[in-house]
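Below are the chains, spelled out letter by letter.
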Amino acid sequence: MQTFFVEIKCKLGQTYPVASALADREIASEIYSTAGNYDILAKFHVDDGVDIGHFVAENVQTLADIADTRTVITFKAF
């Protein structure tokens, strides 16, 4: 199992609609609104061997009103 996070920058005023649309897809294990350079932080778990870049491009970046994303790949939980 691979765990990673995606920081999502939304178009102005679209944080809650984007978060709701992401939740509707039922692909993120956790979704948070955040302050700073990005508006949403989402946590994902995918099976080993899944191409994370392809997953993000097809399942996250295709949501309407997303302006930018930043993916953080993790190695080990403590």
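See the structure above.
These figures come from a predicted structure and were not determined experimentally.

K.L.:
Now, about the pattern of salt bridges: what can you tell me, with residues and values included?
P.N.:
Within this structure, the stated rule accounts for two salt bridges. Residue Glu7 pairs with Arg70 through a salt bridge whose shortest N-O separation is 2.7 Å. One end of the pair, Glu7, is in strand β1 (residues 2–10); the other, Arg70, is in strand β4 (residues 66–73), and 63 residues separate them in sequence. Using a relative accessible area of 44% as the deciding quantity, one classes Arg70 as partly exposed. Close ionic contact of Glu30 with Lys43 constitutes a salt bridge, the shortest N to O distance being 3.6 Å. Note that Glu30 is positioned in strand β2 (residues 30–33) and Lys43 in strand β3 (residues 40–46), a separation of 13 residues in sequence.

What counts and how
Residues numbered from 1 in each chain as written. Predicted model: local features only at pLDDT ≥ 70, side-chain atom pairs only at ≥ 80, totals over all residues. Heavy atoms only, no water. Salt bridge = Lys/Arg side-chain N within 4 Å of Asp/Glu carboxyl O. Helix = DSSP H or I, 4+ residues; strand = E, 2+ residues; numbered from the N terminus. Buried < 20%, exposed > 50% of the residue type's maximum accessible area, 1.4 Å probe, protein only.

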